[in-house]
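One-letter residues, chain by chain:
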Amino acid sequence: MWARVSQSLDEHGVLTGAPRWKMINPARQRETMSQLLCQFCREPARTDEGILFLHSTKAGALDPSTSLRTTQPPFCREHARTAPEGCSHLAKHGVALLAQSAPLYGVVGTPYRYTVDRTIQAMAFDGDPVPYGHADLDWMVASQLVRTVRAFTVVNLEDL
């Protein structure tokens with residue numbers, strides 16, 4: 001089940017409005033992540049070289065021999081270059097990753113449980129993504145898709 005939020009649509013049914021970097025609309029996040037579209041313009045983010053993701057290095061240096069999980073949709077080249085201008089966090093801590101593989105992993109959301117008094121109760125959210133196939137998904141209201149970014153190289157946005 002997916003979280004529902006109000007949204008502004010144009011005459012073609014496309015989400016409108018300026019990006020809110022910290023609070024991406026769940027419907028837009030799901031669409032852009034599932035189809036690997038640029039989170040800004042909704043055009044395909046996959047290129048001949050790979051899929052371009054921006055990632056925060058605030059948690060430490062990245063090791064390209066490992067994989068990482070992200071809820072941030074990819075970018076096209078044009079908008080990857082301008083994204084740090086609109087997001088101070090990316091401007092300070094952002095790095096561009098060109099991934100060869102980024103399969104879907106699971107979701108982030110709010111877990112619920114069915115109680116003995118026959119009510120449904122929201123549980124504390126620990127922030128960890130729940131992988132597809134896990135039993136906890138039956139009682140999860142998802143708000144973001146998660147992808148595993150693999151086989152990536154750190155690239156300079158100016159070189160793209």
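Residues numbered from 1 in each chain as written. Predicted model: local features only at pLDDT ≥ 70, side-chain atom pairs only at ≥ 80, totals over all residues. Heavy atoms only, no water.

To continue, consider the overall build of the chain. The number of helices and strands found in the chain is 3 helices and 7 strands. Moving toward the C terminus, one meets the helices and strands of the chain in the order α-β-β-α-α-β-β-β-β-β. Sequence-distant contacts, at least 24 apart, represent 71% of the contacts inside the chain between residues at least 6 apart. (Helix = DSSP H or I, 4+ residues; strand = E, 2+ residues; numbered from the N terminus. Contact = heavy atoms within 4.5 Å.)

Right, let's talk about the pairing of strand β1 (residues 51-56) for a bit. Burial analysis of β1 places 5 of its 6 residues in the buried class, which makes it a mostly covered element. In this structure, β1 lies alongside strand β3 (residues 94-101), joined through 6 bridges in antiparallel fashion. Of the residues in β3, the one forming a bridge with Leu 52 is Leu 98. (Buried < 20%, exposed > 50% of the residue type's maximum accessible area, 1.4 Å probe, protein only. Pairing = 2+ DSSP bridges.)

Strand direction decides the pairing type here: strand β2 (residues 68-70) and strand β7 (residues 140-155), joined by 3 bridges, are antiparallel. Residue pairing for β7: Leu 68 is matched across the bridge by Val 149. Taken together, the 5 bridges between β3 and β7 define a ladder with antiparallel strand orientation. Residue pairing for β7: Ala 99 is matched across the bridge by Phe 152.

A word on unusual backbone geometry. Even without being glycine, Arg 42 reaches a positive phi, approximately 65°. The class of Arg 42 is partly exposed, set by a relative accessible area of 24%. A positive phi is found at Arg 118, a non-glycine position, where the angle reads about 65°. Within the element layout of this structure, Arg 118 appears in the loop between β4 (104-114) and β5 (120-122). The class for Arg 118 is exposed, based on a relative accessible area of 67%.

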